[in-house]
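Working through the structure, step by step
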Number of protein chains: 2
Amino acid sequence: MNTVKVPDIIVSRLPVYLRALQRMSDAGVVSTSSQELGEKVGISAAQIRKDLSQFGEFGKQGTGYYIPFLIERLSKILKVEQVWDVAVVGMGELGHAIVRYQGFGNRGFRVVMCFDSDPGKIGNLVCANQSDCTFVIRDTKDLVRDIRESNVKLAMLCTPASAAQEVADQLVEAGVRGILNYAPLRLIVPASVKVQHIDPAIYLQRMTFYID
Amino acid sequence: MNTVKVPDIIVSRLPVYLRALQRMSDAGVVSTSSQELGEKVGISAAQIRKDLSQFGEFGKQGTGYYIPFLIERLSKILKVEQVWDVAVVGMGELGHAIVRYQGFGNRGFRVVMCFDSDPGKIGNLVCANQSDCTFVIRDTKDLVRDIRESNVKLAMLCTPASAAQEVADQLVEAGVRGILNYAPLRLIVPASVKVQHIDPAIYLQRMTFYID
DNA sequence: TAAACTTTGTGTTGAATTGCACAAAATCGG
DNA sequence: CCGATTTTGTGCAATTCAACACAAAGTTTA
């Protein structure tokens, strides 16, 4: 079942399915079809069925998919039945916004620590909400030790481009296995570490091409 | 030259090339090869040459590409020789971070107005930097009028999921042609409007799949 | 100048991805 | 209970995308 390697492009669609299913579930819907799900996510019904069939048979002919079951299976496949601890490095505007934003919890992630190298920021508190200031900005010098000790496997990199590769190297050394990179450059990391990119300017430029 | 439709997947790579070229240029490098550029962006040299050849012949055999010229051509192709005005809707943590962040300027974009529907926020100032508070949070009720009057064609949508589709409809009505959507759902818009998605949780879930 | 390199642009081949179509299985209506 | 309907999972065909390979054009070296 999982012996043959699943193409990356299929894996990349699974979180999209999961998100739509969770939304439907929150709205009280308990079952759906590949047709209906496809309309919600903008992917053909056949594509969805093929993707899911890579991991087993989750649906029933004539009925479709039972949403709670499919959510459970997709969560397990993506390993988000557990909640992953995440570290944030670089506490500029973006880093602050991410730490304060508490919306990842129900998607399988929670921020547990944050770092900066600016002496003017180290030791400052970041308030997650008005009553609760849980986060102390740590010194990036302690990053390798702190992350390794707390066994954090994911990080969001929000430093300027100039510091990004150096921080990435430290994250790798600390045992991090996935980096969500907000710095505008490609990071060089070992193949065992996954990197995903978020660069708003790139997305904007992908749209302006199409505007007369 | 541009008579045959350029595949989306090629368009999506152009901003990545441009970003790397601008970085090289900033570092004082004036020429490069498809080989070298490919190593920087993680794409094969042949792929880069094929992509660029869709738009003309920009390189020279034996020498490679003259960076200032290639930057100019790519900027023109992506229509970012001009600076695009962008509106931000939804002034939560993320919206604030985006408005305060002034790093889009040299990529072809600048935030010019922002909106929220919360009466407690409307009229508040958002400081872009310590000395200069340029942005007043406008009422989303005025969105269609204000955006149309100022001829803004791009927007970043940072509202909660529950408000996103309604806001998107208004943006379309106001004449916006590209929406960078941070809300965790797919927006339904006419084909003439482009949407790009940014959902950090989805990127994180694409990585956890690969972590034992 | 001439030979050895370098590098582009592109025709061709091969691989990956998507779309189509349908048998099989389940439900529904009367 | 049975025919009509819905919907899955999947083999096959079509299309899209990426890799390969090389002639042509330019540069460098001696």
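Just so you know, these numbers come straight off a predicted model, no measurement behind them. (Residues numbered from 1 in each chain as written. Chains lettered and ligands numbered in written order. Predicted model: local features only at pLDDT ≥ 70, side-chain atom pairs only at ≥ 80, totals over all residues. Heavy atoms only, no water.)

1. Some remarks on the overall build of chain A
This is how it is decided: Secondary structure elements follow DSSP: runs of H or I of four or more residues count as helices, runs of E of two or more count as strands, with numbering from the N terminus. Classification of residues uses two cut-offs on accessible area relative to the type maximum, computed with a 1.4 Å probe and protein chains only: under 20% is buried, over 50% is exposed, and between them is partly exposed. Any pair of residues with heavy atoms lying within 4.5 Å of one another is described as a contacting pair. In these tables, accessible area is a Shrake-Rupley quantity obtained with a 1.4 Å probe, and a residue counts as shielded only by the protein chains included in the view.
Tallying secondary structure elements over chain A gives eight helices and 10 strands in all. Principal-axis analysis of the C-alpha atoms places the extent of chain A at approximately 65 × 45 × 40 Å. Of all 212 residues assigned to chain A, the portion counted as buried reaches 50%. Put simply, of all contacts in chain A between residues at least 6 apart along the chain, 57% involve residues at least 24 apart. Here chain A has roughly 10200 Å² of accessible surface; of this, 50% comes from carbon and sulfur atoms.

2. Quick look at the relation of the copies chain A and chain B
Which entries qualify depends on this criterion: Here the copies were fitted onto each other by least squares, based on C-alpha atoms from residues at pLDDT of at least 70 in both.
With an axial shift of 0.0 Å and an RMSD of 0.0 Å, the rotation relating chain A to chain B amounts to 180°. This pairing of chains is accounted for by a two-fold axis. Looking at the rotation axis and the C-alpha trace of chain A, the residue lying nearest is A:Ala97, at 3.2 Å. The overlap is high: 100% of the interface residues of chain A also sit at the interface in chain B, so the same surface is used on both sides.

3. Points about the interface of chain A and chain B
How big an interface is tends to be reported as the loss of accessible area on association of its parts. Formally: Once two parts are put together, the accessible area they lose, assessed with a 1.4 Å probe and summed over both, is termed the buried area. Salt bridges, as used here, are contacts in which a Lys or Arg side-chain nitrogen is within 4 Å of a carboxyl oxygen on Asp or Glu. Distance and chemistry together define a polar contact, namely a pair of N or O atoms within 3.5 Å, with one atom able to donate a hydrogen and the other to accept it when in protein, and with adjacent residues in sequence counting only for side-chain atoms on both sides. Three categories are distinguished: nonpolar for Ala, Val, Leu, Ile, Met, Phe, Trp, Tyr, Cys and Pro, charged for Asp, Glu, Lys and Arg, and polar for the others, with Gly belonging to the last.
Each partner contributes residues to the interface: chain A has 57 residues there, and chain B has 57 residues. Regarding the contact of chain A and chain B, the summed buried area is about 5800 Å², with carbon and sulfur atoms giving 65% of it. Linking chain A with chain B are eight salt bridges, by the criterion used here. Here B:Arg177 ties to A:Asp212 by a salt bridge, and the two come within 3.2 Å at their closest N and O atoms. Taken together, the connections running from chain A to chain B amount to 26 residue pairs in polar contact (both at pLDDT 80 or more). Sorting the residues of the side of chain A that touches chain B by element identifies helix 1 (8-26), helix 2 (34-41), helix 5 (93-100), strand 8 (154-157), strand 9 (178-181), strand 10 (194-197) and helix 8 (200-208) of chain A as the ones contributing at least two each. Among the elements that line the side of chain A that touches chain B, the one with the most residues is helix 8 of chain A, at nine residues. Among the residues making up the side of chain A that touches chain B, the classes are represented as 34 nonpolar, seven polar and 16 charged.

4. Thoughts on helix 7 (residues 161-173) of chain B
Cut-off, in case you're wondering: To estimate the expected span of a helix, subtract one from its residue number and multiply by 1.5 Å.
For helix 7 of chain B, built from 13 residues, the straight-helix expectation of 18 Å at 1.5 Å per residue is met to within 8% by its first-to-last C-alpha distance of 19 Å. Each element contacted by the buried residues of helix 7 of chain B is listed here: helix 1 of chain A together with strand 4 (84-89), helix 6 (143-150), strand 8 (154-157) and strand 9 (178-181) of chain B. Phi turns positive, to about 95°, at B:Gly175, one or two residues after helix 7 of chain B.

5. Looking at the sheet that holds strand 3 (residues 64-66) of chain A
Residue and element names in this part refer to chain A. Heads up, the condition is: Pairing between two strands is assigned when DSSP locates at least 2 bridges connecting them.
Overall, antiparallel pairing links the three strands, which are arranged 1-3-2 in an open sheet. Strands at the two margins of the open sheet, each flanked by one partner only, are strand 1 (31-32) and strand 2 (59-60). Examined bridge by bridge, strand 1 and strand 3 share two bridges and lie antiparallel to one another. Each bridged residue has a counterpart across the sheet, and for Ser31 the counterpart in strand 3 is Tyr66.

6. Some remarks on the protein's contact with DNA strand C
Heads up, the rule is: When we say a residue is near a molecule or strand, we mean one of its heavy atoms is within 4 Å of it.
As a structural note, the neighbourhood of DNA strand C is formed by 24 residues, with A:Lys50, B:Ser34, B:Arg49, B:Lys50 and B:Tyr65 the closest of them. Backbone atoms, meaning sugar and phosphate, make up 64% of the atoms of DNA strand C lying within 4 Å of the protein. A:Gln47 is positioned such that a nitrogen or oxygen atom in its side chain is 3.2 Å from a sugar or linking oxygen of DNA strand C. In this structure, a phosphate oxygen belonging to DNA strand C sits 3.0 Å away from a main-chain N or O atom of B:Gly59. Among the secondary structure elements, those contributing two or more residues to the surface near DNA strand C are helix 1 and helix 3 (45-53) of chain A together with helix 3 (45-53), strand 2 (59-60) and strand 3 (64-66) of chain B. For the surface near DNA strand C, the per-class residue count stands at four nonpolar, 13 polar and seven charged.

7. Details of unusual backbone geometry
The backbone phi angle of A:Lys79 is positive, close to 65°, even though this residue is not glycine. Topologically, A:Lys79 is positioned in the loop between helix 4 (67-77) and strand 4 (84-89).

8. Brief notes about the protein's contact with DNA strand D
By nearness alone, 23 residues border DNA strand D, and A:Ser34, A:Arg49, A:Lys50, A:Tyr65 and B:Lys50 come closest of all. The sugar and phosphate moieties of DNA strand D supply 64% of its atoms located within 4 Å of the protein. In this structure, A:Tyr65 approaches DNA strand D through a side-chain N or O atom, which is 2.7 Å from a phosphate oxygen. A distance of 3.4 Å separates a base nitrogen of DNA strand D from a polar side-chain atom of B:Arg49. For the surface near DNA strand D, the secondary-structure elements that each account for two or more residues are helix 3, strand 2 and strand 3 of chain A together with helix 1 (8-26) and helix 3 of chain B. Of the residues in the surface near DNA strand D, the class split is four nonpolar, 12 polar and seven charged.

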